[in-house]
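Analysis of the macromolecular model
Chain by chain, the residues:
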2 protein chains.
Amino acid sequence: MAPTRERILDATAELFRRYGYTGTGLKQVVAAANAPFGSLYHHFPGGKQQLGAEVVHRAGHMYQKLVESVFDSGADAVEGTANVFSGAAEVLKATDYADACPIATVALEVASTDDTLRQATAEVFESWIQGATTRFADAGVPEARARELAILLVAALEGAFVLDRAMRGTEALRVAGAAAATAVEAALAG
Amino acid sequence: MAPTRERILDATAELFRRYGYTGTGLKQVVAAANAPFGSLYHHFPGGKQQLGAEVVHRAGHMYQKLVESVFDSGADAVEGTANVFSGAAEVLKATDYADACPIATVALEVASTDDTLRQATAEVFESWIQGATTRFADAGVPEARARELAILLVAALEGAFVLDRAMRGTEALRVAGAAAATAVEAALAG
DNA sequence: GTCTATAGAAGGATAGAC
DNA sequence: GTCTATCCTTCTATAGAC
């Protein structure tokens, strides 16, 4: 079995994704992680805020690696972009519209309430944008335009998650994916 | 002064937008609404869930009217689309990155925890999509494509809100707005 | 209909034995 | 480092006086 600290982090990430930050209780966390309550404060003396910040960074990094591997599985940047959205749609459907972005819910919740956590979510988004920018630049898109495409990709993905989780469908991911792929194509052609 | 029931609804909408559903306490609500605690359960016997559902519908409707009036202020659908994003960016900045979409935070929070509320958010999004679809169709876009554009507009707006609130900037709204306007232009030309 | 008081559960956090 | 017991606050919700 994984060490206690890791189990707590993983369990929290899963709970955040479904119930958000304020919606996840620490008692719920230790129950899901099969850990005694005290060990939570042993490993995270900063309490819920510290745990939250570490989870945001950890989950953000893992999700980035996952999405990038899906992107890189495409033959080119256009196909890679399309694959990210279709892959996300599959996961969303398979988890009964529960597992979407591990960061977005927390990001909206803490944006005006906890600046430490807000900064953590901002760093994750910036890292995602950087990763995508590099890929588009490598594909031949001029630097400035590459960053715009990257922001567009992340924003379209996040926005589609909001709509599709609420409406329990994958229409938004499909539409947003097609639009993002078209934008990438245009940037490569122009 | 507005009647108690309205004051409660308006105060709750404002609190939801900033702190979300789970992050907003009912005591906080009655304090902000200048109402005694008991009157909350007099007017909303269904408790927090009923209050939440009514607020989602009410705020969703008001926001739709607001956005549509901004859209209609444009000379055509392309300019209208662009105006929606630039207007949103202004409001976001003016409120210190607090007042974005009144629905999105709640939508993500309740998507997997409360089906009544989830349905309320879904109805609001569908209404927004319908409103935008009509406008694009009236501008000459074929029906099926008009709905896709509408979904794209809403998703891009929501996604940009997530990024910009987290990063405390308006870059995503700017990029997403330009992309949405371009997509509308292409649909009108094609 | 208005308002106060309080119940009962759950929240985050801490102390201290082992 | 592990684990239990407990503190204090806050939460939603209810009861009942006026």
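Residues numbered from 1 in each chain as written. Chains lettered and ligands numbered in written order. Predicted model: local features only at pLDDT ≥ 70, side-chain atom pairs only at ≥ 80, totals over all residues. Heavy atoms only, no water.

**Concerning the overall build of chain A**
Going by this rule: Strands here mean DSSP runs of E at least two residues long; helices mean DSSP runs of H or I at least four residues long; both are numbered from the N terminus. Only protein chains enter the accessibility calculation, which uses a 1.4 Å probe. A residue is then buried if its area is under 20% of the maximum for its type, exposed if over 50%, and partly exposed in between. When checking whether two residues touch, look at their non-hydrogen atoms; a contact exists if any pair is within 4.5 Å. For the accessible areas, the method is Shrake-Rupley and the probe is 1.4 Å, while residue cover comes only from the protein chains on display. In this charge count, Lys and Arg are treated as positive and Asp and Glu as negative; neither His nor the chain ends contribute. Where a charge lies is defined by one atom per residue type: Lys uses NZ, Arg uses CZ, Asp uses CG and Glu uses CD.
Each helix and strand in chain A was counted, giving 9 helices and 0 strands. When the elements of chain A are put in sequence order from the N terminus, they spell out α-α-α-α-α-α-α-α-α. Projected onto its principal axes, the C-alpha coordinates of chain A cover approximately 60 × 35 × 30 Å. In chain A, buried positions account for 54% of the 190 residues. Sequence separation of at least 24 residues holds for 64% of the intrachain contacts in chain A that already meet a minimum separation of 6. Total accessible area computed for chain A in this model is approximately 7,700 Å², and 55% of it derives from carbon and sulfur atoms. Here chain A holds 16 positive side-chain charges and 23 negative ones, and the gap between their average locations is 7 Å.

**Some thoughts on the UniProt feature "domain: HTH tetR-type" (unreviewed entry) in chain A**
The cut-off we apply is this: UniProt positions are given in the numbering used here, feature names are shortened, and annotations may be inferred rather than shown by experiment.
Mapped onto the present numbering, the UniProt feature "domain: HTH tetR-type" (unreviewed entry) falls on residues 2-62 of chain A. Across residues 2-62 of chain A, helical content stands at 77% and strand content at 0%; the span's end C-alpha atoms are separated by 17 Å.

**Focus on the packing of aromatic side chains**
All names here are of chain A. Put simply, the test is: Each aromatic pair joins two rings of Phe, Tyr and Trp (for Trp, the six-membered one) with centres within 6.5 Å, and gets the label stacked for planes under 30 degrees apart, edge-to-face for over 60, and tilted for any other angle.
In the structure shown here, the tally under the stated rule is 10 aromatic pairs over all chains. Here F37 and Y41 contribute two aromatic rings whose centre-to-centre distance is 6.1 Å and whose plane-to-plane angle is 40°, an arrangement assigned as tilted. One end of the pair, F37, and the other, Y41, are both in helix α3 (residues 37-43), 4 residues apart, so they sit about a helical turn from each other. Between F71 and F136 the ring centres are 5.8 Å apart and the planes differ by 80°, which places this aromatic pair in the edge-to-face class. With F71 in helix α4 (residues 47-72) and F136 in helix α7 (residues 115-138), this pair connects stretches of sequence that are 65 residues apart. We note that F71, like F136, is buried. Aromatic rings pair up to connect Y63, F125 and W128 into one cluster.

**Comments concerning the side chain of T105 of chain B**
Tracing the backbone through its elements, the reader meets T105 of chain B in helix α6 (residues 104-110). For T105 of chain B, the contacting residues outside a window of four places in its chain are L108 and E109 of chain A together with R17, G20 and R165 of chain B.

**Notes on the pattern of salt bridges**
Residue and element names in this part refer to chain B. Our working rule: Any Lys or Arg side-chain nitrogen found within 4 Å of a carboxyl oxygen on Asp or Glu counts as a salt bridge.
Under the counting rule described, the total for this entry stands at 28 salt bridges over all chains. With a closest N to O distance of 3.3 Å, D99 and R18 form a salt bridge. With D99 in the loop between α5 (77-94) and α6 and R18 in helix α1 (residues 4-19), this pair connects stretches of sequence that are 81 residues apart. You can call D99 buried: its relative accessible area is 11%.

**Side note on the protein's contact with DNA strand C**
Threshold: Nearness is judged by heavy atoms alone; a residue qualifies as near a molecule or strand once a single heavy atom is within 4 Å of it. Polar contacts, as counted here, are pairs of nitrogen or oxygen atoms within 3.5 Å of one another; within protein the pair requires one atom able to donate a hydrogen and one able to accept it, and residues that are adjacent in sequence qualify only if both atoms are side-chain atoms. Throughout, the ten residues Ala, Val, Leu, Ile, Met, Phe, Trp, Tyr, Cys and Pro are labelled nonpolar, Asp, Glu, Lys and Arg are labelled charged, and all others, Gly among them, are labelled polar.
Lining the immediate surroundings of DNA strand C are 15 residues, of which L26, F37, Y41 and K48 of chain A together with P36 of chain B lie closest. Sugar and phosphate atoms constitute 50% of the interface atoms of DNA strand C, taking the interface as everything within 4 Å of the protein. Here a base nitrogen of DNA strand C and a side-chain polar atom of K27 of chain A are 3.4 Å apart. The side chain of Y41 of chain A places a nitrogen or oxygen atom 2.5 Å from a phosphate oxygen of DNA strand C. When contributions to the surface near DNA strand C are tallied by element, the ones reaching two or more residues are α2 (26-33), α3 and α4 of chain A together with α3 (37-43) of chain B. The residue inventory of the surface near DNA strand C, partitioned by class, reads 5 nonpolar, 8 polar and 2 charged.

**Some points on the protein's contact with DNA strand D**
Close to DNA strand D lie 15 residues, the nearest being L26, K27, F37, Y41 and K48 of chain B. Within 4 Å of the protein, atoms of DNA strand D come from sugar and phosphate in 44% of cases. Backbone polar atom of G38 of chain A to a base oxygen of DNA strand D: 3.5 Å apart, as the coordinates give it. The separation between a phosphate oxygen of DNA strand D and a polar side-chain atom of H43 of chain A is 3.2 Å. Only α3 of chain A together with α2 (26-33), α3 and α4 (47-72) of chain B provide two or more residues apiece to the surface near DNA strand D.

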